[in-house]
Amino acid sequence: MTFIWAILVVALSVYALYELLNIQKRKRYPPGPTGLPILGHLHLLGKNPHKDLQKLAKKHGPIMYVQLGLVPTIVASSVDAAEKVLKTYDHIFANRPHHEASQHLAYGQKNLVFAKYGVYWRNIRKLCTVHLLSNQKIHSFQSMRKQEVELLIESLKKEARDRVVVDLSANTTSLNANLTCSMVFGKKYMDEDLDKRGFKAVVQDVVHLSAAPNLGDFFPFLGAIDLQGITRKLKDLSKVFDEFLEKIIDEHVHAHEQKQNKDFVDTLMDIMQSGEAKFQFDRRHIKAILFDMLIAAMDTTASSTEWILTELLRHPQVMKKLQKELQEVVGLDRMVEESDLENLNYLDIVVKEGLRLHPVAPLFYHESLEDCVVDDFHVQKGSRIIINCYAIHRDPNVWPEPEKFLPERFVGSSVDFRGRDFQLLPFGSGRRSCPGMQLAVTIVRLVVAQLVHCFEWELPNGIQPCDLDVDEKFGIVTCREKPLLAIPTNRLKK
Ligand code: HEM
């Protein structure tokens, strides 16, 4: 009897194994390049991974499989593929992958950008969209934006009188840092000491370290070993940043109740004290959200502005057309007001085209919560999903002459960047799309309009417009590799 049982168990085990192997065989994974042992396809990605992945997708298809170290990764590079990931299967792909840096910098992925999909993420997303990034809240900072932009224009007017070469990259970065700090903290921190280096230097370190290729993101078991020493640096930096945020919260404790125009710290403290959040919401959560708002807002908006100005300098006829519109709508007697923006249709398509040609977040990262099948391809639970919006924005099947800056392509077209049209995704789409889009677009439009309206711009050292480079530096935010330099001349009557 025992013998018969033994035979039965062995037979069943063999059958189960056979079935398992067969299922594995029947699973069809998306096509992809041949990889190396251990590294997978990591060696195929250089300093511009969005371009490398674009090239690979041209060969292997819009839904492509690559193995980044130990992490199975699906890359979506077409309109259809993006729609599948961000709409059809958005509920399955709405998770964020493990990100070693945000474990240390963002209080264990407690921030919105890297929060795991689930109840916590849903709660803080709602809190941010309702209380911090609503149209009403954005509007409440209008006079602050006016004041900061006017300060920049005044300083540029002096440079214009002396025919000085202006670093437009540095100016847009500094303006956006001022705008963000004023909105988030209620004051500017650019010149204040932080860790003896200054606010800007520390934030730049945070951005740089967050984007640095970290072995722990590709080989999770190496995270704890920290071969590159990145985790140690991140821990040091997070301590400095944490002390800075603690100090700011302390400063707000007594002052915030009487204020009329509440900054983000005031608003978050009100929520904490009222218990309105209906989930555990303490100083750690406030700090993680403040961290997000700073890092997500500052350089994205500055770089988008920088790229649009680059293309305007490369295309003087577009610059002239925009100036003509500004002259007709605003006149040369005054500066642009935010209320003018809705009447500036050409500005609208210039900004759209700039965001298409230069998405500052060319790749964005999701993770699969379950096994699923997309276009007959198997996607296993825990796979990293990369949406290559750079490749989609330059797909010749969707955009004629995709490498050219042609705002007119949007004339008579309803295609917009709000997430409904999967050929234009600078802010993503679906559950994890950018909640700061309205704020970002308001600032980009205002700053571009103001700079183009107040000044004529000329390239220095006899550089011809068509020779102005568009070299990119990939990172959390993809910006110009070299600063954008130009000489302003005053345009307005006073
Ligand atoms: C997420 C783009 C400005 C806050 C994102 C994503 C993109 C993006 C592509 C990821 C979408 C995805 O994973 O599917 C941009 C661009 C900006 C900009 C191009 C400027 C031109 C801002 C601003 C804020 C902000 C001003 C806030 C003040 C966020 C947050 C997330 C996010 C919190 C994460 C949302 C989540 O995971 O639920 N942004 N963004 N962004 N953005 Fe923006």
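As shown above, the structure is provided for reference.
Given the structure is predicted, the values throughout are model-derived calculations rather than measurements.

A. Structural context of the overall build of the protein chain. Of regular secondary structure, the protein chain possesses 17 helices and 11 strands. Computed over the C-alpha atoms, the radius of gyration of the protein chain is 25 Å, within 12% of the 23 Å expected from 2.2 N^0.38 for a compact globule of 494 residues. On the principal axes, the C-alpha backbone points of the protein chain span a range of 105 × 55 × 40 Å. Within the span of the protein chain, comprising 494 residues, buried residues form 55% of the whole. In the protein chain, once contacts between residues fewer than 6 apart in sequence are set aside, the share between residues at least 24 apart is 72%. Accessible surface computed for the protein chain: about 23,000 Å², of which carbon and sulfur atoms make up 56%. For the protein chain, the distance from the average position of its 63 positive side-chain charges to the average position of its 62 negative side-chain charges is 3 Å.

B. Broad picture of the site of the ligand. Near the ligand there are 26 residues, and of these Arg96, Arg125, His366, Arg432 and Cys434 occur at the shortest range. At a separation of 3.4 Å, an oxygen atom of the ligand approaches a polar backbone atom of leucine 112. Between the ligand and the protein, one listed contact pairs an oxygen atom with a side-chain N or O atom of tryptophan 121 at 2.9 Å. Elements represented by at least two residues in the shell around the ligand include exactly helix 5 (119-132), helix 13 (283-314), strand 4 (363-367) and helix 17 (437-454). By residue number, the principal contributor to the shell around the ligand is helix 13, which donates 6 residues. Residues that form the shell around the ligand fall into these classes: 16 nonpolar, 7 polar and 3 charged.

C. Quick peek at the sheet that holds strand 8 (residues 455-458). Strand order in the open sheet formed by 3 strands is 3-11-8, with antiparallel pairing between adjacent strands. Two strands lie at the open edges of the sheet, namely strand 3 (166-167) and strand 8, each paired on one side alone. In this structure, strand 3 lies alongside strand 11 (residues 485-490), joined through 2 bridges in antiparallel fashion. Residue pairing in the sheet places aspartate 167 in a bridge with leucine 485 of strand 11.

D. Structural context of the pairing of strand 8. Of the two faces of strand 8, only one is covered, namely that formed by Phe455 and Trp457; the face formed by Glu456 and Glu458 stays uncovered. Summarising the sheet, strand 8 and strand 11 pair through 4 bridges and their orientation is antiparallel. By the bridge assignment for strand 11, phenylalanine 455 is matched with asparagine 490.

E. Geometry of helix 8 (residues 168-185). Taking 1.5 Å per residue as the helical rise, helix 8 with its 18 residues ought to reach 26 Å, and the 25 Å between its terminal C-alpha atoms agrees with that figure. The element helix 8 is largely enclosed, with a buried count of 14 among its 18 residues. Where helix 8 starts, the residue carrying a side-chain oxygen 3.0 Å from the main-chain nitrogen of serine 169 turns out to be aspartate 167. Looking one or two residues past helix 8, glycine 186 carries a phi angle of roughly 85°, positive in sign.

F. Local environment of the pairing of strand 2 (residues 71-76). Across the 6 residues of strand 2, 6 count as buried, placing the element largely inside the fold. On strand 2, burial covers both faces: Val71, Thr73 and Val75 on one face and Pro72, Ile74 and Ala76 on the other are all buried. Judged from the 6 bridges that link them, strand 1 (residues 63-68) and strand 2 form a sheet pairing that is antiparallel. Of the residues in strand 2, the one forming a bridge with tyrosine 65 is isoleucine 74. The turn linking strand 1 back onto strand 2 is made up of 2 residues, and glycine 69 within it adopts a positive phi angle of 65°. Two strands pair when backbone bridges link them, and strand 2 and strand 7 (residues 384-388) are joined in this way by 4 bridges, in the parallel orientation.

Thresholds, definitions, all that
- Residues numbered from 1 in each chain as written.
- Predicted model: local features only at pLDDT ≥ 70, side-chain atom pairs only at ≥ 80, totals over all residues.
- Heavy atoms only, no water.
- Helix = DSSP H or I, 4+ residues; strand = E, 2+ residues; numbered from the N terminus.
- Rg over C-alpha atoms; globule rule 2.2 N^0.38 Å.
- Buried < 20%, exposed > 50% of the residue type's maximum accessible area, 1.4 Å probe, protein only.
- Contact = heavy atoms within 4.5 Å.
- Areas by Shrake-Rupley, 256 points an atom, 1.4 Å probe, with all protein chains shown as cover.
- Lys, Arg positive; Asp, Glu negative; His and termini not counted.
- Charge placed at Lys NZ, Arg CZ, Asp CG, Glu CD.
- Near = heavy atom within 4 Å.
- Polar contact = N/O pair within 3.5 Å; in protein donor to acceptor, adjacent residues only side chain to side chain.
- Nonpolar A, V, L, I, M, F, W, Y, C, P; charged D, E, K, R; others polar.
- Pairing = 2+ DSSP bridges.
- Expected span 1.5 Å × (residues − 1).

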